[in-house]
Amino acid sequence: MSDRLLLVCGLVAGPLFTVAYLIEGATRADYKVLRHPVSSLALGDHGWAQTVNFFAGGLLSLAFAVGLWRAGPSHWGALLVGAWAIGLLCAGVFRTDPVSGFPPGTPDLPQHSTRQGVLHDLLSLAGFVALTAACFVFAWSGTPGWAIYSIASGVLFAGTMVLASAAFAQRASLVDLGGLIQRVSVTIGWAWLAVLAVRTLRG
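Residues numbered from 1 in each chain as written. Predicted model: local features only at pLDDT ≥ 70, side-chain atom pairs only at ≥ 80, totals over all residues. Heavy atoms only, no water.

Participant: It is not clear to me how the packing of helix 1 (residues 3-27) against helix 6 (residues 178-202) should be interpreted in this structure. Could you clarify?
Facilitator: Two packed helices can be described by the angle between their axes and the distance between those axes. Where helix 1 meets helix 6, the axes come as close as 8 Å, and the angle between the chain directions of the two elements is 160°. With respect to their mutual orientation, helix 1 and helix 6 come out roughly antiparallel. Read as a crossing pair, helix 1 and helix 6 show a hand that is left-handed. Between helix 1, through Arg4, Leu7, Val8, Gly10, Leu11, Ala13, Gly14, Phe17, Thr18 and Tyr21, and helix 6, the contact on the second element is made entirely by Arg183, Thr187, Trp190, Leu193, Ala194, Ala197, Val198, Thr200 and Leu201. Broken down by class, the residue content of the contact of helix 1 with helix 6 amounts to twelve nonpolar, five polar and two charged. (Axes fitted to C-alpha atoms, helices over the stretch in contact; angles between N-to-C directions. Helix = DSSP H or I, 4+ residues; strand = E, 2+ residues; numbered from the N terminus. Parallel < 35°, antiparallel > 145°, perpendicular 65-115°, else oblique. Left-handed = near helix turned anticlockwise from the far one by under 90°. Contact = heavy atoms within 4.5 Å. Nonpolar A, V, L, I, M, F, W, Y, C, P; charged D, E, K, R; others polar.)

Participant: Even after reading the chapter, I still don't get the packing of helix 1 against helix 2 (residues 48-71), so can you show me in this structure?
Facilitator: Two elements in contact, helix 1 and helix 2, have axes separated by 7 Å at closest approach and are oriented at 160°. Relative to helix 2, helix 1 is oriented roughly antiparallel. Considering only the axes of helix 1 and helix 2, their crossing is left-handed.

Participant: I tried to follow a nonpolar patch on the surface on my own but got confused; where do I start?
Facilitator: Taken together, the side chains of Leu5, Val8, Leu11, Val12 and Leu16 present a nonpolar region at the surface, about 370 Å² in accessible area. Mapping Leu11 onto the fold places it in helix 1. For Leu11, a relative accessible area of 32% puts it in the partly exposed group. (Patch = residues over 30% accessible without salt bridge, like charges linked within 9 Å, V, L, I, M, F, W, Y side chains within 5 Å. Areas by Shrake-Rupley, 256 points an atom, 1.4 Å probe, with all protein chains shown as cover. Salt bridge = Lys/Arg side-chain N within 4 Å of Asp/Glu carboxyl O. Buried < 20%, exposed > 50% of the residue type's maximum accessible area, 1.4 Å probe, protein only.)

Participant: Sorry if this is basic, but what is going on with the pattern of salt bridges here?
Facilitator: Pairing of side chains with opposite charge becomes possible as their charged atoms draw close. Within the structure shown, the criterion is met by three salt bridges. Ionic pairing is found between Asp3 and Arg70, a salt bridge with its closest N-O pair at 3.0 Å. Residue Asp3 is located in helix 1, and its partner Arg70 is located in helix 2; the two are separated by 67 residues in the primary sequence. The exposure class assigned to Arg70 is partly exposed, which follows from its relative accessible area of 48%. When the shortest N-O distance is used, the salt bridge between Arg35 and Asp108 registers 3.2 Å. With Arg35 in the loop between helix 1 and helix 2 and Asp108 in the loop between helix 3 (75-93) and helix 4 (115-139), this residue pair connects regions lying 73 residues apart in the sequence. Overall, the relative accessible area of 38% leaves Asp108 in the partly exposed class.

Participant: Quick question: what am I supposed to make of the packing of aromatic side chains here?
Facilitator: What describes a pair of aromatic rings is the distance from one ring centre to the other and the angle between the planes of the rings. A full pass over the atoms with the stated rule returns eleven aromatic pairs. Each ring, one from Phe128 and one from Phe157, has its centre 6.0 Å from the other, and the planes form 65°; the classification is edge-to-face. On the criterion of sequence distance, the pair formed by Phe128 in helix 4 and Phe157 in helix 5 (residues 144-168) is long-range, its members being 29 residues apart. As far as burial versus exposure is concerned, Phe128 and Phe157 are alike and both buried. Ring-pair connections join several aromatic residues into one group, and the members of that group are Phe17, Tyr21, Phe54, Trp84, Phe128, Phe157 and Trp190. (Phe/Tyr/Trp six-rings, centres within 6.5 Å; stacked < 30°, edge-to-face > 60°.)

Nothing here speaks to function; it is all geometry.
And the structure:
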């Protein structure tokens, strides 16, 4: 696979992942976009669609990481993007536990976490941390404007993810907006990766 095609994978991964979960969220009964996490779409009868979405996003991001390794300005940054990709793949392998009342009939916060749910949370967290770190690593490989954008993206991505985690832990003031906050966070991350892909393709 050519270097340019590998880098294009980083450009299309985010939009494809986003469109897929937006369609899923709009068509799933009892699923509340503002309240429920993206990962919850992997639960229930049609959960396979979000599982496929995790795998597709992870594989495209992994291909992008290879392209960055070959053509990008930072091998460390490429490894961190690869860790983000692996986090997505693991999110597909290990399904999340029910949270915030989805699927219907489950408690807002289960009393006992399953091994699969714990692995989903831990490995996804590792991916989020890796993408945050990638924003800072790549910040020093371009213009001041790029550095400011990358640092701001890293801070906002991490900050909104912390807020989303608090919402899913049933923080009263945030719980009804957890899904929205998480989507803002994920969009910040995917947008930064797309801009990184464009910059690297032009370089």
